[in-house]
Amino acid sequence: MIHEPQTPDPASEQSQMNSQRSLRHQTAISGAHHALDHAASPADCPHRPVFHTAAPAGWMNDPNGLIHFRGEFHLFYQHHPYSNDWGPMHWGHLASRDLVRWRHLPIALAPSEPYDRAQKGGGCYSGSAVDDDGVLTLIYTGHVDGAAQMEVQCVATSRDGVAFTKDPANPVIARPPVDGSADFRDPKVWRHGDHWYLVAGSCQGGRGNVLIFRSGDLRDWQYLGKGTESDGTQAAMWECPDLFPLGGVDALIVSLSLERTKTVVMTGAFDHATGRFDRRSWRDLDAGPDFYAAQTLLDPRGRRIVIGWMDSWKSTFPTKPRGWAGAMSIPRVLTLADDGQVLMSPLPELSALRGDPWSHGPQPIAGDHALDAPGGSCLELIADFDLAASTATSFGLRVRASASGDEQTVIRFDRATARLTVDLDRSGCGPRGIFGGEVSGVDRTLRLHLFIDRSSLELFANDGRLAITSRIYPAAASTSLSLFADGGTARLTRLDAWPLTSIWGT
Ligand code: FRU
């Protein structure tokens, strides 16, 4: 009998490849969940946060894919579920109805393909999410550490917002453009008019830069050009860019690793035709050591919300022996002040976590003044000072202090320079140092707005003029709180504090 030669059916070959790809991804995700199921629970770690998001176990870094999709906020994150050290990157997944209370969802992305498969490190690096006509679409960097490092941009999609399929067109950007290098990552995508736009971090000749692309379908990308770059002193690589309109200007966020890691915000004007960002200002978004890789989303009320990785590549990560490392900052709102400064203040809805209020009446403070506010290791506090009625050269708060005072974190405002600092030199077993900056435009009043969780401190001054974020690792018993004023009196006009409750569950 003579057989006709079989012509392969391209459609069935494609569908076979799709199901094999899906199976490989599913297997990689199941392996990661198996590891998490068998990891020791970090719940009893005294430094485990109460009102900050963290991975169920293992390692967490950058926030990824922040989006509001079908009535829920999604926060993905760089995750290594197999260990408390950074390693082959997965995307962990959290969801929330209100940005206040959160729940864990299954891991969204795991390394499984030649373009994102981890060997030494690598994997599914940082990226963003968009709603492509009802399809939740993740755009992420595939990182391969082979003979040479390779970074490419990839797409994964989901209809239910939970299970993600890697796209057959991957990698959708297979090589860096002319202004880039092998470091070419962290795509942030947005819609403008009839097109999608993408900004990625890269570098060339020792200067960090951002590269701009345009696409009609999220698969086929055209390189527009270099948005802007370092002046030679502003870091050799720019990571995790985010570009968005804010109060009539355009804002560009990038993260830099210099003597400390930091997130910087630039304001200027972005030209969607040329991809050029005409930069007018440059400033640290947060003056503390632990606010990195920040990413924003536009919420349904039109607010620009930002969340950062509340850690730093320079940290010693003291919780690693307890099976976990890394946490996210509280969500914050970005606005533009009349004088052009980008302000960053805590999300107002966090007040839903407040327990019974505790207040202290107006009083001149001189020397040390102990406070018996409840919830010393987990609280929110607002203190207002009348500067015109104060004579102290400096004043502030001591938080997370031990009974002996050997352990304490000192928040100090210097009246002559308007500098606000957080002194970590006696904060416990984490990194040390004094961090801070000038509170711009201080006139009559200084307002300190403070969030303390079991291993963190987030301080906001005067409606977001200055933010200082730091992890701190004091002993669990170090919960004392006091006010102080040196070289005169500080006129306290209001002090309110609340113990804060957990973000997990309903
Ligand atoms: C920033 C970063 C990103 C990268 C990711 C890898 O913290 O270095 O540039 O995508 O972490 O986990």
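What this report covers is the structure whose coordinates are included nearby. (Residues numbered from 1 in each chain as written. Predicted model: local features only at pLDDT ≥ 70, side-chain atom pairs only at ≥ 80, totals over all residues. Heavy atoms only, no water.)

**Considering the sheet that holds strand 14 (residues 249-257)**
As a reminder of what qualifies: Only strands that DSSP links by at least two bridges are regarded as paired with each other. Secondary structure follows DSSP: runs of H or I at least 4 residues long count as helices, runs of E at least 2 residues long count as strands, and numbering of each begins at the N terminus. Here an angle of 0 to 180 degrees is reported between the N-to-C directions of two axes, which are lines fitted to C-alpha atoms, with helices fitted over the stretch in contact.
Read across the open sheet, the four strands follow the order 13-14-15-16; overall the sheet is antiparallel. The open sheet has two edge strands, strand 13 (239-246) and strand 16 (277-284), and neither has a second partner. Taking the axes of each pair of neighbouring strands and ignoring which way they run, one obtains an average angle of 25° across the sheet. Pairing analysis gives six bridges linking strand 13 to strand 14, with the strands arranged antiparallel. Note on strand 14: the bridge partner recorded for P245 is D250.

**Description of the nonpolar core**
Convention followed: Throughout this description, the term nonpolar core refers to a set of buried Ala, Val, Leu, Ile, Met, Phe, Trp, Tyr and Cys residues connected via side-chain atoms within 4.5 Å. Summary of the burial criterion: residues with accessible area below 20% of their type's maximum are buried, those above 50% are exposed, and those between are partly exposed, where the area comes from a 1.4 Å probe applied to protein chains only.
By size, the foremost hydrophobic cluster in this structure holds 41 residues, and its most contacted members are F51, L285 and L334. Elements represented by at least two residues in this core include exactly strand 1 (58-69), strand 2 (72-80), strand 13, strand 14, strand 17 (292-298), strand 18 (304-309), strand 20 (332-336) and strand 21 (342-346). With 39 residues, the next largest nonpolar core counts A287, L387, V422 and L448 among its residues.

**Thoughts on the site of the ligand**
Keep this limit in mind: Note on terminology: near, applied to a residue and a molecule or strand, indicates that one of the residue's heavy atoms is within 4 Å of it. As used in this structure description, the phrase polar contact means that two N or O atoms lie within 3.5 Å; if the pair is within protein, one of them must be able to donate a hydrogen and the other to accept it, and residues adjacent in sequence are counted only when both atoms belong to side chains. Per-residue accessibility takes into account occlusion by the displayed protein chains alone, with areas from the Shrake-Rupley method and a 1.4 Å probe. Classification convention: Asp, Glu, Lys, Arg as charged; Ala, Val, Leu, Ile, Met, Phe, Trp, Tyr, Cys, Pro as nonpolar; all other residues, Gly among them, as polar.
Residues in close proximity to the ligand total 13 residues, the closest being D62, Q78, R185, D186 and E239. Here D186 contributes a side-chain N or O atom positioned 2.6 Å from an oxygen atom of the ligand. Within the side chain of E239, a nitrogen or oxygen atom sits 2.8 Å from an oxygen atom of the ligand. When the ligand is considered free in solution it has 320 Å² of accessible area, and contact with the protein chains removes 95% of it. Listing elements by their share of the shell around the ligand, those giving two or more residues are strand 1, strand 5 (123-132), strand 9 (184-192) and strand 13. Here the residues of the shell around the ligand sort into six nonpolar, three polar and four charged.

**As for the packing of aromatic side chains**
Here is the rule: Only Phe, Tyr and Trp rings take part, Trp by its six-membered ring, and two of them pair if their centres are within 6.5 Å. Stacked means planes under 30 degrees apart, edge-to-face means over 60, and tilted covers everything else. When the NZ atom of lysine or the CZ atom of arginine is within 6 Å of a ring's centre and also within 35 degrees of its normal, the charge is said to sit over that ring.
Counted according to the given criterion, the structure contains 18 aromatic pairs. Taking 6.0 Å as the distance between ring centres and 70° as the angle between the ring planes, the aromatic pair formed by W190 and F270 counts as edge-to-face. Taken together, the positions of W190 in strand 9 and F270 in strand 15 (residues 261-270) put the pair 80 residues apart, joining distant regions of the chain. Each member of the aromatic cluster is reached from another via a ring pair, and the members are W59, W309, W313 and F317. Above the plane of the ring of W324 lies R48, whose end atom (NZ or CZ) is 4.8 Å from the centre. Here the basic side chain of R398 rests over the ring of F484, its NZ or CZ set 4.4 Å away from the ring centre.

**Digging into helix 1 (residues 10-37)**
To keep things clear, this is the line we draw: Given the number of residues in a helix, its expected span is that number minus one, multiplied by 1.5 Å. Working rule for contacts: check all heavy atoms of both residues, and any pair within 4.5 Å makes them a contact.
Along its 28 residues, helix 1 runs 40 Å from first to last C-alpha, staying within 8% of the 40 Å computed at 1.5 Å per residue. For helix 1, the full list of buried residues reads R21, H25, A28, I29, A32, A35 and L36. Where helix 1 is buried, its residues touch strand 2, strand 3 (90-96), strand 4 (103-109) and strand 8 (165-166). N-cap assignment for helix 1: the residue whose side-chain oxygen lies 2.9 Å from the backbone N of A11 is D9.

**Comments concerning the sheet that holds strand 2**
Read across the open sheet, the five strands follow the order 4-3-2-1-19; overall the sheet is mixed. Single-partner strands in this sheet number two, and they are strand 4 and strand 19 (324-325). Sitting on the sheet, helix 1 is in contact with strand 2, strand 3 and strand 4, with an inclination near 140° to strand 4.

**Some details on the state of the cysteines**
Worth spelling out the cut-off: Any pair of cysteine sulfurs within 2.5 Å is marked as a disulfide.
One pass over the full model with this rule turns up zero disulfides. Cysteine C240 remains unbridged, with the sulfur of C203 as its closest cysteine sulfur at 14 Å. A relative accessible area of 7% places C240 in the buried class.

**What to know about the environment of Q153**
Tracing the backbone through its elements, the reader meets Q153 in strand 7 (residues 149-158). When the C-alpha positions of Q153 and T228 are compared, they lie 20 Å apart, and in sequence the two are 75 residues distant. Discounting chain neighbours no more than four positions away, the residues touching Q153 are Y140, T141, P171, V172, I173, F184, R185, D186 and P187. Looking at Q153, its side chain comes within polar contact range of the main-chain oxygen of F184, at 2.9 Å.

**Some points on the side chain of S255**
In this fold, S255 is placed in strand 14. At 3.2 Å, the side chain of S255 and the side chain of T263 are in polar contact. When near neighbours in sequence (up to four residues on either side) are disregarded, S255 contacts M237, W238, E239, C240, K262, T263, Y292, A293 and A294.

**Looking at unusual backbone geometry**
Note that the residue after N170, namely P171, is joined by a cis bond; omega there is -10°. Here P171 is to be found in the loop between strand 8 and strand 9. A positive phi angle, near 60°, is found at A418, a position not held by glycine. By relative accessible area, A418 is classed as buried at 12%. Of note in this structure, N462 is not a glycine but carries a positive phi near 45°. Mapped onto the elements, N462 comes out in the loop between strand 30 (456-461) and strand 31 (466-471).

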